[in-house]
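Structural characterization, general
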Amino acid sequence: MEIHNSPDSAEAAAHVPDAHEDHAHPTWSTYWKVALILTAITVGEVWAYYIPSFVASRAFVPALLIMSAFKFVIVVMFYMHLKYDHKLFRALFTGPLLIAGTTLIALLFLFGHLTVFQH
Amino acid sequence: MSATVTHHYTSTGLDNRKIAIWAFIGSECMLFISLISTYLIYKGRSVVGPLPHEKWTDPSTGHTFAPILNIPVTSMSTFVLLMSSLFMVLALAAVQNKGRPLPANAGWWTRKLASSQLWLFMTALAGATFLGFQAYEFTSFVNEGLTIKTNLFGSSFFTLTGFHGAHVTAGVLWLLALLSIDARRGLGPSDALNVDICALYWHFVDVVWIAIFTLVYLIR
Amino acid sequence: MASTAIATPLAPTAYSGEQSGVWSWLTTVDHKRIGTLYLFTALFFFMWGGVEALIIRAQLGAPNQHLVSAEFYNQLFTMHGTTMIFLAIMPLSAAFFNYLIPLQIGARDVAFPRLNAFSYWVYLFGGIFITVPILFAVAPDGGWFGYAPLTTRAYSPGINIDFWVIGLQILGVSSLAAAFNFLTTIINLRAPGMSLMRMPMFTWMSFVVQFLLVLAFPVITIALVFLLFDRFFGTNFYNTVDAGADPLLWQHLFWIFGHPEVYILILPAFGLVSEVIPANSKKPLFGYPVMVYSGILIAVLGFGVWAHHMFAVGMGPIADTFFSLATMLIGIPTGVKIFNWIATMAQGHVRLNTPMLFAIALVALFTIGGISGVMHSSPPADLQQTDTYFIVAHFHYVLFGGSIMGIFAGIYHYFPKMTGRMLDEKLGKIHFWLYFVGMNITFFPMHFAGMLGMPRRIYTYDAGQGWESYNFYSSIGSYIIGVATLVFAWNFLKSRRSGAIAGPNPWGAATLEWTIPSPPPDYNFAKIPTVTSRYPLWEGKEADLESARFNAQEGKTAADFGIVMPYNTIKPMIVAFGLVLMFCGLLTSRVIIFLGAGIMIVSLFTWLLSPLEPEHH
Ligand SMILES: [Cu+2]
């Protein structure tokens with residue numbers, strides 16, 4: 001919960017959206033690179049799906065989860081420009097996301113899908 | 001909606017609408033996690049088929065159902081949706097930079113990049129294409145014998161992906177509304193926030209699909 | 001600039017349209033008027049739910065009674081719970097969110113005034129939708145928690161549960177819309193200098209509650225969507241017989257929502273008494289930062305304890321241990337709050353007026369409810385207590401002793417601000433003592449009935465099990481509460497007309513809402529105040545006092561100060577009407593669904609395309 005503690009007018013003025021848009025904003029070169037990475041990872045994911053030996057291995061699920069998490073993160077950071085934006089937005093997104101993620105894991109455990117944790 | 005952008009004082013200097021959309025996105029995380037959790041909880045617990053990744057033979061008729069998920073088709077639609085996010089950021093950048101003089105030697109591509117109408121249209125088109133893929137997927141599943149009533153998989157699958165599809169539909173309508181405003185009076189830097197909010201929503205819907213594609217389609 | 005103007009008669013400003021008559025209430029976007037609408041509507045539903053409780057207590061007053069049928073009894077306890085939670089306590093809190101948050105942070109309105117009006121109308125229409133069926137004995141009858149598969153078509157074939165599923169879905173829209181609005185308001189509309197750690201405690205607790213709403217309501221939305229689909233479209237989410245559905249799915253989803261909901265019900269009341277106690281102890285709140293952090297901690301931990309409602313289903317030792325420990329842990333920040341209130345009073349000059357009595361009652365009664373709560377956080381104890389009247393006793397100490405007592409503390413404290421007149425102290429004290437005595441006579445014996453094994457939700461019982469006298473006391477007590485509520489209603493209606501004139505700050509309190517006239521003008525603050533202190537009227541520097549003097553001017557209009565006010569508009573109400581009509585269509589015909597959706601979409605577009613307020617010049 002790190003929202004401004006002293007929103008005096010000088011500080012507020014520094015964050016007026018118009019003044020804010022200019023600095024450190026991603027551009028076309030960032031956008032296409034992100035798109036390329038997204039495509040490449042998606043190709044990688046689908047490829048992995050079609051390798052029976054890999055699907056059968058222990059690494060399959062973690063690998064797919066990591067790849068998809070990476071895609072998730074770069075879209076949020078660059079396309080949703082969370083990396084460049086006010087930290088308040090980061091808090092508004094990551095807080096709920098953490099609670100949601102924890103809830104998911106807890107539910108899977110409670111319904112016996114996470115056998116790793118059960119003796 | 002943008003006719004009277006009046007700059008009221010705000011404590012953070014940020015616009016109210018942008019705070020509200022991020023809070024909304026946070027809320028949507030819980031909505032989709034509830035749907036995804038249910039899908040995963042019920043995974044492998046259907047008592048009859050068809051099933052997502054496995055063959056299933058109906059014991060009473062002896063008919064064998066193939067695994068129902070069509071990975072090649074969904075990979076295509078996933079790619080289209082990912083690209084729509086690229087188009088969306090280009091649309092936003094075009095709106096933000098509207099009115100800025102292009103360099104004298106600007107080529108065809110630079111001029112195209114500056115066209116907000118083009119990119120708004122492309123985003124909406126990509127969204128509509130995704131919905132077309134989904135319509136195709138749904139109808140072929142029904143033809144193969146999987147409906148929302150068939151089994152736990154059918155119920156949770158159609159509800160989860162249907163909810164996502166409904167979000168895409170709302171996004172396409174939103175984009176078309178922006179496009180029509182752009183065509184009527186032209187969107188400029190003073191409208192950037194309205195486009196940004198739509199873009200945040202759009203990317204979030206995309207991000208949800210990234211999770212669904214892996215958790216539902218790829219992980220067996 | 002207008003400080004030299006002589007007070008002009010209160011006339012509608014050129015900007016904001018009519019300020020009297022029914023039409024002005026239907027079209028208002030003023031947070032204070034919307035707060036007033038919430039207050040009246042929620043008090044009505046509070047009395048409605050109270051009447052349902054009185055019928056229940058009449059039925060249970062003696063063994064083997066047949067005042068109502070078993071089927072109707074099910075409807076009564078379901079609607080008593082649903083009404084009190086979703087139509088009374090939450091909207092009573094919303095009345096205070098509306099009225100107080102902008103005043104406490106020095107804002108002229110909420111962030112989205114029209115969305116605010118929309119939230120109220122959805123609440124009103126949804127409330128009517130879910131309440132009317134009991135008049136025709138077709139009300140929901142599956143308990144306020146609506147456990148599936150009991151509530152699926154197979155076991156509840158009637159229309160009753162349909163009203164519940166759809167009604168809660170509608171009310172969820174209202175709560176979510178309001179939560180986004182208040183969240184944005186608190187983050188973004190604080191006056192210069194009003195840092196987070198200078199916010200009044202009520203606003204702080206409201207802030208926490210908005211996060212809970214935003215994160216908890218989507219989960220019940222989805223749980224209800226599943227139930228709706230099961231009932232209307234034949235899906236299998238809760239179909240345990242044919243499809244192999246898990247009977248615990250509903251319970252988990254419901255309580256992931258349900259436990260944060262408990263804090264949604266109690267934290268606003270905590271906030272209110274945190275205003276009342278310092279004002280009437282003439283002393284700043286003891287341990288303000290700790291109060292803030294414990295509120296946040298309660299909320300965060302609140303998402304990790306839901307399964308303590310489910311110990312009886314057999315989740316296994318790991319889950320039981322985890323949820324038990326997490327639940328016990330919440331006792332710590334809650335206890336911290338209790339001690340801080342006591343410490344505030346301990347060193348202050350306590351004035352025992354009506355709001356203070358209600359506030360002290362909260363501290364005492366919530367402690368009892370909290371302690372019995374810690375008892376059933378232990379699974380072995382819970383297995384003895386669950387589904388007995390012990391639990392009923394527990395949560396009524398928390399919700400009546402806690403939420404309702406706190407809300408009444410707030411009503412007595414803020415009525416002067418809302419109306420400009422004082423509530424009668426003598427009637428107020430009669431009300432208080434009848435409530436205090438009545439609620440203890442009603443709910444304390446339930447502990448014993450529960451310990452003797454009396455199950456919840458039974459419609460009648462045989463004599464000779466040792467339950468008779470306890471039930472008799474409970475029923476007597478409930479009628480004392482009923483009489484007290486009439487005393488309050490009389491006081492409320494009488495004092496609005498003829499109560500003593502309050503003045504801007506009848507309690508000598510310290511925060512911004514007390515710097516402006518009572519009732520506040522439509523623009524709230526003639527000049528947005530500058531804040532240098534947590535208690536501007538007690539510890540404020542010259543800047544605070546200067547703002548306060550300027551804002552105390554009476555009888556001015558927005559036009560006098562050149563303040564732009566938003567237009568009144570009927571559109572949010574029409575959108576709300578379209579939305580509710582669309583849901584009604586599920587029960588009648590497809591034509592109605594499309595008609596409702598059409599009304600909603602068209603009016604939503606005209607809303608979005610019309611400006612909120614006149615353009616600045
Ligand atoms: Cu609980």
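Scoring rules and cut-offs
- Residues numbered from 1 in each chain as written.
- Chains lettered and ligands numbered in written order.
- Predicted model: local features only at pLDDT ≥ 70, side-chain atom pairs only at ≥ 80, totals over all residues.
- Heavy atoms only, no water.
- Helix = DSSP H or I, 4+ residues; strand = E, 2+ residues; numbered from the N terminus.
- Polar contact = N/O pair within 3.5 Å; in protein donor to acceptor, adjacent residues only side chain to side chain.
- Contact = heavy atoms within 4.5 Å.
- Buried area = accessible area lost by both parts, 1.4 Å probe.
- Salt bridge = Lys/Arg side-chain N within 4 Å of Asp/Glu carboxyl O.
- Donors = N, O, S within 2.8 Å, 3.2 Å for Na, K, Ca; no water.
- Buried < 20%, exposed > 50% of the residue type's maximum accessible area, 1.4 Å probe, protein only.

This brings us to the side chain of N471 of chain C. Residue and element names in this part refer to chain C. Relative to the elements of secondary structure, N471 occurs in helix α14 (residues 468–498). A polar contact of 2.9 Å, which involves the side chain of N471, links it to the backbone oxygen of W467. Here N471 is in contact with R57, L60, G61, M454 and Y461, once residues within four sequence places are set aside.

Turning our attention to the interface of chain C and chain B. Of the residues lining the interface, 41 residues belong to chain C; the matching set on chain B comes to 38 residues. Here chain C and chain B share an interface that buries about 3300 Å² over both sides, 67% of which is from carbon and sulfur atoms. Here chain C and chain B share one salt bridge between them. For R45 of chain B, the salt bridge is made with D246 of chain C, and the minimal N-O distance between the two is 2.7 Å. Taken together, the links from chain C to chain B amount to 14 residue pairs in polar contact (both at pLDDT 80 or more). For the side of chain C that touches chain B, the secondary structure elements donating two or more residues are α5 (160–188), α6 (201–233), α7 (249–281) and α18 (590–609) of chain C. Looking at the side of chain C that touches chain B element by element, the count peaks at ten residues for α6 of chain C.

All names here are of chain C. Here the copper ion is held by H259 (ND1), H308 (NE2) and H309 (NE2), and the distances to it run 1.8 to 2.0 Å. Ordering the donors of the copper ion by residue number gives the pattern H-x48-H-H. What makes H309 partly exposed here is its relative accessible area of 29%.

Moving on to the environment of A154 of chain C. Residue and element names in this part refer to chain C. Along the polypeptide, A154 turns up in the loop between α4 (113–131) and α5. You can call A154 exposed: its relative accessible area is 65%. Separated by 197 residues in the primary sequence, A154 and R351 place their C-alpha atoms 58 Å from one another.

Taken together, the contact between chain B and chain A spans 52 residues of the former and 50 residues of the latter. Of all residues in chain B, the largest losses of buried area upon contact with chain A belong to W22, I41 and R220 of chain B, amounting jointly to 14% of the total for that side. The interface formed by chain B and chain A contains one salt bridge. Ionic pairing is found between D85 of chain A and K18 of chain B, a salt bridge with its closest N-O pair at 2.8 Å. The tally of links between chain B and chain A comes to nine residue pairs in polar contact (both at pLDDT 80 or more). Within the residue set of the side of chain B that touches chain A, elements represented by two or more residues are α1 (16–41), α2 (71–96), α3 (108–113) and α6 (192–218) of chain B. In terms of residue count, α2 of chain B provides more of the side of chain B that touches chain A than any other element does, 14 residues in total.

With that settled, the discussion passes to the environment of Y73 of chain C. Residues and elements named next belong to chain C. Inspection of the secondary structure assignment puts Y73 in helix α3 (residues 70–105). Of the residues examined, Y73 reaches a relative accessible area of 1% and is grouped as buried. In contact with Y73, other than residues within four places in its own chain, are I56, Q59, L60, V68, Y389, R457, I458 and Y459.

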